[in-house]
Amino acid sequence: MKTYDHVIVGGGIIGASIAYHLACEDAGSVLLLERNELASAASSRAAGLILQVSTNTAKTALIRRTCSTIQTLSEELGEDVGFHAVGSLRLAASEARVRDLEDMAAEAECHGIPFEWLRAEDAEARVPWLDISNLSKVGFLPTDGYVDPYLLSMAYARAAGTRGVELRPRAAVEDIIVSDGAVAGVTTATERIECGSVIDAAGAWAALLSARAGFPLPMAPVRSHYWITKPDPAYGGDHPVVTMPDAGAYTRPDVGGLLLGIQERHSATFDARDLPGDPNEFSPTVGDAHWDRLAEAAAGVGRFFPGIHEAQFANYIAGLSAYTPDGKIVLGPVPNVRGFLAAAGCCGSGIALSAGIGAAIADLALGRDARFDIDAFRPDRFGTVDPFSLEFRDRCAASRANKSRGAKPAGPTV
Ligand SMILES: Cc1cc2nc3c(=O)[nH]c(=O)nc-3n(C[C@H](O)[C@H](O)[C@H](O)COP(=O)(O)OP(=O)(O)OC[C@H]3O[C@@H](n4cnc5c(N)ncnc54)[C@H](O)[C@@H]3O)c2cc1C
């Protein structure tokens, strides 16, 4: 039987980033266990937007860390890790969204993130398909962009491996061993592994894993999805990411085409206990139902992107994001089990938050205070909940629907 200082469960971008940050801290022996292949679940399906400020201000410092780490990783690995520094245009067409944008401008200033107010004509010059007639205000953040989420996940993993982390794919954790109120190890189908700390980075399955130690994390799998058009030069090449909170939608360029993501009014949610272990065996969308969802959103999106009605969508990508009722992540010590840490419930921002989460967990695993203020993300902030119940899952789906629309998400009930 082998003993490690730290065991990470889950080899998506969050587990890989934690592995990298632990390795950077010389944290001792680290083992990452992934049931399938590395980055084969949500982390390879994401749109990869890295937007540094939002209405959820607690996230900004963590996302800033990801931006700087992308640069560090590129230098460390001597290669591009897939970041497109195209900037982001934030559109506001209503009073409420203008107020959000003004709050974001203040948040950007507070963190030293470049933010410019653009005239509508200047926005149109950057994004040729944009209809500016409905716009009240436009913000531009030149240092935002998007990343290839698979490349970034694998960059963390490779850099962690080079620094001595043992990465073990095709190894599913079956149980958490707890002894005298502290984590003592994990078991797989073939092994019992002892360790000093366990980090639950199991994505949509994280609540199932933590439930093995007596505390199901307050999060639920919710569908996220987007469509991609055929390549068309009329879209203007590698233009900025565009967010349209009035329509609950965003776009970014995608190899000559346009990627369009939509936050549904009522996202589908799933009971994590019903999910297969292999995400390739499951689709959150049945058949062609996604065309109906696109048609429902077309009128709202068409106010900004009239071309939606003629656009030739060639691809549809759907996956599971783990959401919480208040739209904030689940990060920190799991109650009542010393040495058990949670890094989950990323609320559709796990790519952008990845380095911030990795750095914070490395601090906690080494017995230090986290370098960021992560109190708002405490796993016990909702008290004890049943995250598999329909009532709880509906609250998580509602927070997904409101992600960019600015409506105040439901806070903790205790
Ligand atoms: C369509 C879509 C678009 C998105 N767009 C964006 C975006 O633009 N920007 C952004 O920041 N985020 C985006 N996201 C969210 C982002 O993809 C997630 O927040 C992020 O990938 C979460 O990473 P993770 O490592 O927690 O989860 P995952 O990548 O799902 O990894 C979890 C891993 O844990 C493994 N695992 C589970 N249980 C066990 C076990 N018992 N033993 C061993 N391994 C286990 C799984 O096999 C899986 O590989 C999007 C998500 C989707 C679905």
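Here the structure is a predicted model, which means the values were calculated and not measured. (Residues numbered from 1 in each chain as written. Predicted model: local features only at pLDDT ≥ 70, side-chain atom pairs only at ≥ 80, totals over all residues. Heavy atoms only, no water.)

Re the sheet that holds strand 3 (residues 49–50)
Line of reasoning, step 1. Pairing in this open sheet of three strands is antiparallel, and the strands run 3-8-4 from one edge to the other. Looking at which strands have only one partner, the edges of the open sheet turn out to be strand 3 and strand 4 (83–84).
Line of reasoning, step 2. Summarising the sheet, strand 3 and strand 8 (residues 145–147) pair through two bridges and their orientation is antiparallel. Opposite Ile50, over in strand 8, you have Gly145 as the bridge partner. (Pairing = 2+ DSSP bridges. Helix = DSSP H or I, 4+ residues; strand = E, 2+ residues; numbered from the N terminus.)

Structural notes on unusual backbone geometry
Line of reasoning, step 1. Phi at Asp26 is positive, roughly 50°, even though this residue is not glycine.
Line of reasoning, step 2. Position of Asp26 relative to the elements: it lies in the loop between helix 1 (13–24) and strand 2 (30–33).
Line of reasoning, step 3. The backbone of Val255 shows a phi angle near 30°, a positive value even though the residue is not glycine.
Line of reasoning, step 4. You can see Val255 is positioned in the loop between strand 15 (249–254) and strand 16 (257–262).

So, the site of the ligand
Line of reasoning, step 1. Taken together, 37 residues lie near the ligand, and Glu34, Ser43, Leu49, Val173 and Ala352 sit nearest.
Line of reasoning, step 2. Side-chain polar atom of Ser43 to an oxygen atom of the ligand: 2.6 Å apart, as the coordinates give it.
Line of reasoning, step 3. In this structure, an oxygen atom belonging to the ligand sits 3.0 Å away from a main-chain N or O atom of Ile351.
Line of reasoning, step 4. Expressed as a share of its isolated accessible area of 990 Å², the protein-covered part of the ligand is 96%.
Line of reasoning, step 5. Those elements that place two or more of their residues in the shell around the ligand are helix 1, helix 2 (42–45), strand 13 (220–229), strand 17 (313–323) and helix 9 (350–365). (Near = heavy atom within 4 Å. Polar contact = N/O pair within 3.5 Å; in protein donor to acceptor, adjacent residues only side chain to side chain. Areas by Shrake-Rupley, 256 points an atom, 1.4 Å probe, with all protein chains shown as cover.)

A look at helix 3 (residues 60–77)
In an α-helix, one turn spans 3.6 residues, which is why side chains three or four residues apart end up on the same side.
Line of reasoning, step 1. Its 18 residues give helix 3 an end-to-end C-alpha distance of 26 Å, which sits within 8% of 26 Å, the value for a rise of 1.5 Å per residue.
Line of reasoning, step 2. By the burial criterion, the buried members of helix 3 are Thr60, Leu62, Ile63, Thr66, Thr69, Ile70, Leu73, Ser74 and Leu77.
Line of reasoning, step 3. Looking one or two residues past helix 3, Gly78 carries a phi angle of roughly 70°, positive in sign. (Expected span 1.5 Å × (residues − 1). Buried < 20%, exposed > 50% of the residue type's maximum accessible area, 1.4 Å probe, protein only.)

Notes on the packing of helix 3 against helix 9
Line of reasoning, step 1. Running from N to C, helix 3 and helix 9 point in directions that differ by 95°, and their axes come no closer than 6 Å. Taken together, helix 3 and helix 9 sit at an angle that is classed as roughly perpendicular. Contact with helix 3, carried on its side by Leu62, Ile63, Arg65, Thr66 and Thr69, involves Ile351, Ala352, Leu353, Ser354, Ala355, Gly356, Ile357 and Ala359 of helix 9 and no other residues of that element.
Line of reasoning, step 2. Split into classes, the residues belonging to the contact of helix 3 with helix 9 amount to eight nonpolar, four polar and one charged. (Axes fitted to C-alpha atoms, helices over the stretch in contact; angles between N-to-C directions. Parallel < 35°, antiparallel > 145°, perpendicular 65-115°, else oblique. Contact = heavy atoms within 4.5 Å. Nonpolar A, V, L, I, M, F, W, Y, C, P; charged D, E, K, R; others polar.)

Topic: the domain arrangement of the protein
Line of reasoning, step 1. Under the domain assignment, the protein is made up of domain 1 (3–47 + 150–220 + 325–401) and domain 2 (86–142 + 222–321).
Line of reasoning, step 2. Here domain 1 and domain 2 have C-alpha centroids that lie 28 Å from each other.
Line of reasoning, step 3. Buried area between domain 1 and domain 2, both sides added, is near 2,000 Å², and the carbon and sulfur share of it is 55%.
Line of reasoning, step 4. Looking only at domain 1, the three residues that lose the most surface to domain 2 are Arg45, Ala47 and Arg400, adding up to 34% of its buried area.
Line of reasoning, step 5. Scanning the region where domain 1 abuts domain 2 turns up zero salt bridges.
Line of reasoning, step 6. For the pair domain 1 and domain 2, the number of links is 10 residue pairs in polar contact (both at pLDDT 80 or more).
Line of reasoning, step 7. Residue assignment for the side of domain 1 that touches domain 2 shows that the elements contributing at least two residues are helix 2 and helix 10 (390–401). (Domains from an automatic or database assignment. Buried area = accessible area lost by both parts, 1.4 Å probe. Salt bridge = Lys/Arg side-chain N within 4 Å of Asp/Glu carboxyl O.)

Some thoughts on the pairing of strand 18 (residues 330–333)
Line of reasoning, step 1. By the bridge criterion, four bridges tie strand 18 to strand 19 (residues 340–344) in an arrangement that is antiparallel. Bridged to Val330 within strand 19 is Ala344.
Line of reasoning, step 2. What sits between strand 18 and strand 19 in their antiparallel hairpin is a turn of six residues, with Asn336 showing a positive phi close to 70°.

Examining helix 4 (residues 95–110)
Line of reasoning, step 1. The terminal C-alpha atoms of helix 4, which comprises 16 residues, lie 23 Å apart, in line with the 22 Å expected from a rise of 1.5 Å per residue.
Line of reasoning, step 2. For helix 4, the set of buried residues is Arg97, Val98, Asp100, Leu101, Met104, Ala105, Glu107 and Ala108.
Line of reasoning, step 3. Buried residues along helix 4 sit in contact with helix 3, strand 5 (88–92), strand 6 (116–118) and strand 7 (137–141).
Line of reasoning, step 4. Gly112, located one to two residues past helix 4, shows a positive phi value of around 70°.

A look at the nonpolar core
Line of reasoning, step 1. Ile8, Ile18, Leu22, Leu152, Leu331 and Ile357 are the most contacted members of the largest nonpolar core, which has 51 residues in total.
Line of reasoning, step 2. If sequence neighbours within four positions are ignored, Leu22 has contacts with His6, Ile8, Ala27, Val30, Ile199, Ala362 and Ala365.
Line of reasoning, step 3. Counting residues in each nonpolar core, the second largest holds 35 residues, with Leu31, Trp205, Leu217 and Leu275 among its members. (Core = buried A, V, L, I, M, F, W, Y, C linked by side-chain atoms within 4.5 Å.)

So, the side chain of Thr66
Line of reasoning, step 1. Checked against the element boundaries, Thr66 lands in helix 3.
Line of reasoning, step 2. Residue classification places Thr66 among the buried positions, given a relative accessible area of 0%.
Line of reasoning, step 3. There is a polar contact of 3.1 Å between the side chain of Thr66 and the backbone nitrogen of Ala355.
Line of reasoning, step 4. Those residues in contact with Thr66 that lie beyond four places of it in its chain are Ile50, Tyr156, Ile351, Ala352, Leu353, Ser354, Ala355 and Gly356.

Let's talk about the pattern of salt bridges
Line of reasoning, step 1. Applying the stated rule across the entire model yields 24 salt bridges.
Line of reasoning, step 2. Across the salt bridge formed by Arg90 and Asp144, the nearest N and O atoms sit 3.0 Å from each other. Pair noted here: Arg90 is in strand 5 and Asp144 is in the loop between strand 7 and strand 8, with a separation of 54 residues, a long-range link. Summarising the burial analysis for this pair, Arg90 and Asp144 share the class buried.
Line of reasoning, step 3. Shared partners join several salt bridges into a network, and the residues in it are Lys2, Glu166, Arg168 and Glu191.

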